[in-house]
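Summary of structural features
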Amino acid sequence: AVLTRAGRRLLVASREVIDRAMALERVAAELRDGWESELHVVVDGALPMSAVTRCVRRFADPAVPTCLRVDVEYQEGVIDRFDGAPADLGLVLGFDGDGDEEGYDCTPLAPLDLVLVAAPSHPLATGPVTPESRAGHAELVVRDSSPRFAMAPKTSFMGSRNVVFLSDFHSKRIALVDAAGYGWIPRHFVADDLALDRLVLLDTEPNSWTYHPQIIVKEGATLGRGGQLFLETLQAEIAP
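Here is a short report on the structure shown in this document. Quick caveat, the model's predicted, so the values are computed rather than measured.

The rules behind these values
- Residues numbered from 1 in each chain as written.
- Predicted model: local features only at pLDDT ≥ 70, side-chain atom pairs only at ≥ 80, totals over all residues.
- Heavy atoms only, no water.
- Helix = DSSP H or I, 4+ residues; strand = E, 2+ residues; numbered from the N terminus.
- Buried < 20%, exposed > 50% of the residue type's maximum accessible area, 1.4 Å probe, protein only.
- Contact = heavy atoms within 4.5 Å.
- Areas by Shrake-Rupley, 256 points an atom, 1.4 Å probe, with all protein chains shown as cover.
- Salt bridge = Lys/Arg side-chain N within 4 Å of Asp/Glu carboxyl O.

Scanning the protein from N- to C-terminus turns up seven helices and eleven strands. Scored against the burial criterion, the 240 residues of the protein give a buried share of 38%. Summarising the internal contacts of the protein: among those between residues at least 6 apart in sequence, 78% fall at separations of at least 24. For the protein, the exposed area adds up to about 13500 Å²; of that, 54% sits on carbon and sulfur atoms.

Quick look at the structure:
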């Protein structure tokens with residue numbers, strides 16, 4: 001009986017070794033065909049997520065062997081995650097200046113407009129907005145997801161004394177519509193709200209701002225078939 005149990009354990013162990021060897025052979029075959037075993041993408045949450053979810057659906061195809069991982073970050077947290085992971089692709093709001101940022105190869109995406117808004121019932125929506133008039137009202141801000149700001153968040157964009165930090169733009173939109181404060185938000189999040197007068201542009205300059213998002217990879221990096229598939233799908237949705 002002891003020998004039988006030992007023989008069974010040996011048989012199970014042998015099967016596990018064979019299964020692992022076969023899995024490694026499959027991975028090796030996929031890599032030979034140009035597919036990465038995993039593609040890691042970091043996305044700024046200000047960008048249209050519908051384009052990213054279409055990419056996710058493409059990778060759900062059984063014919064695509066690459067495993068896709070997507071992290072959504074905000075502001076400086078995007079680059080921190082991209083560099084720290086490290087990730088293969090990043091979708092950022094754009095670097096200052098012209099051309100590629102040092103250390104990255106950049107591909108432009110469509111411009112992204114932000115607007116400064118509040119609900120019609122908010123006190124700031126009734127007339128011209130000045131630094132003095134807005135100082136006492138809550139500014140709604142999406143928290144920078146970089147660990148560097150976990151204990152000491154950035155100061156407000158507009159200099160308000162009262163700042164409410166939120167985790168994402170969906171939460172921010174709800175707070176804006178509920179007249180909890182005012183703030184900047186990508187136009188695509190609130191296009192319907194502006195059209196239906198649930199939100200209004202504030203009467204101040206500037207009340208709109210344009211970013212120039214980019215796809216980034218490490219300088220000189222070469223993407224496999226999974227990375228190329230992600231790029232092709234994404235660019236078809238939000239081409240410049």
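Moving on to unusual backbone geometry. Geometrically, the link from A85 to P86 is a cis peptide bond, its omega value of -15 degrees lying close to zero. Mapped onto the secondary structure, P86 falls in the loop between helix 3 (76-84) and strand 3 (89-92). Following E205, the chain continues into P206 via a peptide bond in cis, with omega recorded as -5 degrees. Following the sequence through the fold, P206 ends up in the loop between strand 9 (200-201) and strand 10 (208-211). A positive phi angle, near 60 degrees, is found at D197, a position not held by glycine. By the secondary structure assignment, D197 is in the loop between helix 6 (187-195) and strand 9.

This part is about the pattern of salt bridges. Taken as a whole and assessed by the stated rule, the structure comprises ten salt bridges. One salt bridge in this structure joins E73 and R81, with 3.0 Å as the shortest N-O distance. One salt-bridge network, in which partners are shared between bridges, spans E76, D80, D144, R148 and K154.

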